[in-house]
Amino acid sequence: MADFEHVFDTPPEGAAADWTISQNWRAYTEVEHDTWDTLYARQMDILPGRASEAFLKGLGALDLNTGGIPDFALMNPKLKALTGWTVVCVPGLVPDEVFFDHLANRRFPSGQFIRKPDQLDYLQEPDIFHDVFGHVPMLTDPGFADYMQAYGKGGQRAQGLGMLKNLARLYWYTVEFGLIEEAGTLRIYGAGIVSSATETVFALEDPSPNRIAFDLERIMRTDYRIDDFQQVYFVIPSIEALNDATYEDFGPIYDRLKGQSTIPVDAIQPYDRVLTRGTQAYAQKGGRFAA
Ligand code: HBI
Ligand code: FE
């Protein structure tokens, strides 16, 4: 983490005890607003037909393309009316317990800064484009809104039980890099994918990654990489199914996981339901790649 610019141990100067800061929307420069517009336009060229309908509907409802970086004072009333969520500004990555406390109270922490023009394609830290464009549209979906709050509550508990590493994998493979089946096709809904032009195409169309049916315990045992495209994606049948599969006491699962090995990112297990190993297997299932 040492090379992350926006990471602190205690709330930096000007931040409140809960790590929030003012968005200070008026202070964004023309270059920063242009960066938002460029990234937004680039994603809208490729997301229709690839992103989940829930994401596209949410994006439209929030009206995030009025020119430049969205002003939270204008966006939050729309979001709050839909699902009771709001977005708060933070200086960068915040400690896990702070992050969970916000989620458990239906507040999504967003970075205040936006990437530099020479970082359009990739940065490891979550900036306002990743956080707002990537995460917030899904928070307009009532089922997904509940899932995120449950993750915040579960995070607090997992931390106490020493199982955060396992729970964080669930977040990674759903909230950040999840795929969903819609009308017999694969769509993306994970924020790490929908906010990345290159991974938007890779996640659905590249033959190399494994695409495996969602399996809670399997995911909690699976490693992940933060520095490259994913080698495995997990596919949920629906948001409702995701909630059903995770609406249970994780205590017994955590007990079982303690005795089990970690599954490498590129491994396939005998019990995996592999939806595609690249485009061919998926085409055989009558998927969108058959055309
Ligand atoms: N802080 N701002 C911010 N954004 C995140 O996504 C985030 C964080 N702190 C901790 C964290 N994520 C994760 O490590 C937890 O989900 C485990
Ligand atoms: Fe994220």
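The name given to the protein chain in an unreviewed UniProt entry is Phenylalanine-4-hydroxylase, and the organism recorded there is Brevundimonas subvibrioides. You can read under Cofactor (unreviewed entry) in the UniProt record for the protein chain the words "Fe(2+)". Regarding the protein chain, the relevant UniProt record gives this comment under Sequence similarities (unreviewed entry): "Belongs to the biopterin-dependent aromatic amino acid hydroxylase family."

So what's going on with the overall build of the protein chain? Residues and values would help.
Of the regular secondary structure elements, the protein chain holds 13 helices and seven strands. The dimensions of the protein chain, computed from C-alpha atoms along their principal axes, are 55 × 45 × 40 Å. When each of the 291 residues of the protein chain is scored for burial, the buried share is 54%. For the protein chain, contacts bridging at least 24 residues in sequence account for 67% of all contacts bridging at least 6. Working note: accessible area of the protein chain is about 13,100 Å², and carbon and sulfur atoms make up 51% of it. Here the protein chain carries 25 positive and 41 negative side-chain charges, and the mean point of each set is 6 Å from the other.

For the coordination of the iron ion (ligand 2), give the residues involved together with the corresponding values.
Under ideal tetrahedral coordination, the four donors around a metal are separated by 109.5 degrees; under ideal octahedral coordination, the six donors are separated by 90 or 180 degrees. Around the iron ion (ligand 2), the protein contributes the donor atoms H130 (NE2), H135 (NE2), E176 (OE) and E176 (OE), at 2.0 to 2.8 Å from the metal centre. Its four donor atoms give the iron ion (ligand 2) angles of 52 to 136 degrees at the centre, a pattern that matches the irregular case. Sequence spacing of the donors to the iron ion (ligand 2): H-x4-H-x40-E. You can see H130 sitting in helix 5 (residues 128-135) and its partner E176 sitting in helix 7 (residues 164-176), a full 46 residues away along the chain. In this pair, the class of H130 matches that of E176, namely buried.

Quick one: what's the story with the pattern of salt bridges, residue by residue and with numbers?
Under the defined criterion, the tally for this structure stands at 11 salt bridges. Linking R106 and D146 is a salt bridge whose minimum nitrogen-to-oxygen distance equals 2.4 Å. Of this pair, R106 sits in the loop between helix 4 (96-104) and strand 2 (107-111) while D146 sits in helix 6 (residues 142-161), and the two are 40 residues apart along the sequence. Linking D255 and K258 is a salt bridge whose minimum nitrogen-to-oxygen distance equals 3.6 Å. Taken together, the positions of D255 and K258, both in helix 12 (residues 251-258) and three residues apart, correspond to about one turn of that helix. Comparing D255 with K258 shows no difference in burial state: the two are exposed.

Can you tell me about the side chain of H33, naming the residues and giving the values?
Structurally, the position occupied by H33 is in helix 1 (residues 30-46). Using a relative accessible area of 11% as the deciding quantity, one classes H33 as buried.

Describe the packing of aromatic side chains, and please don't skip the residues or the numbers.
According to the stated counting rule, one finds 17 aromatic pairs in the structure shown. A ring pair is formed by Y40 and F133, whose centres lie 5.3 Å apart and whose planes are at 85 degrees; its orientation type is edge-to-face. One end of the pair, Y40, is in helix 1; the other, F133, is in helix 5, and 93 residues separate them in sequence. With respect to burial, Y40 and F133 carry one shared label: buried. For the ring pair F144 and Y147, a centre distance of 5.8 Å and an interplane angle of 40 degrees mean the geometry is tilted.

Explain the side chain of S52 residue by residue, including any values.
Following the sequence through the fold, S52 ends up in the loop between helix 1 and helix 2 (53-62). Once you skip the residues sitting within four places of it in the chain, S52 turns out to touch I180, E182, R187, I188 and Y189.

Summarise the pairing of strand 1 (residues 86-90); cite the residues concerned and give the values.
With five of five residues buried, strand 1 is to be regarded as a mostly interior element. Residues T86, V88 and V90 line one face of strand 1 and the alternating positions V87 and C89 line the opposite face, and both faces are buried. Bridge analysis of strand 1 against strand 2 gives five bridges, and the strand direction is parallel. In the strand pairing of strand 2, C89 is matched with S110. In this fold, the crossover linking strand 1 to strand 2 by way of helix 4 has right-handed handedness.

Quick notes on the rules
- Residues numbered from 1 in each chain as written.
- Chains lettered and ligands numbered in written order.
- Predicted model: local features only at pLDDT ≥ 70, side-chain atom pairs only at ≥ 80, totals over all residues.
- Heavy atoms only, no water.
- UniProt positions renumbered as here; feature names shortened; annotations may be inferred.
- Helix = DSSP H or I, 4+ residues; strand = E, 2+ residues; numbered from the N terminus.
- Buried < 20%, exposed > 50% of the residue type's maximum accessible area, 1.4 Å probe, protein only.
- Contact = heavy atoms within 4.5 Å.
- Areas by Shrake-Rupley, 256 points an atom, 1.4 Å probe, with all protein chains shown as cover.
- Lys, Arg positive; Asp, Glu negative; His and termini not counted.
- Charge placed at Lys NZ, Arg CZ, Asp CG, Glu CD.
- Donors = N, O, S within 2.8 Å, 3.2 Å for Na, K, Ca; no water.
- Tetrahedral: all angles 85-135°; square planar, octahedral: opposite > 155°, others 65-115°.
- Salt bridge = Lys/Arg side-chain N within 4 Å of Asp/Glu carboxyl O.
- Phe/Tyr/Trp six-rings, centres within 6.5 Å; stacked < 30°, edge-to-face > 60°.
- Pairing = 2+ DSSP bridges.
- Right-handed = clockwise from strand over helix to strand, strands pointing away.

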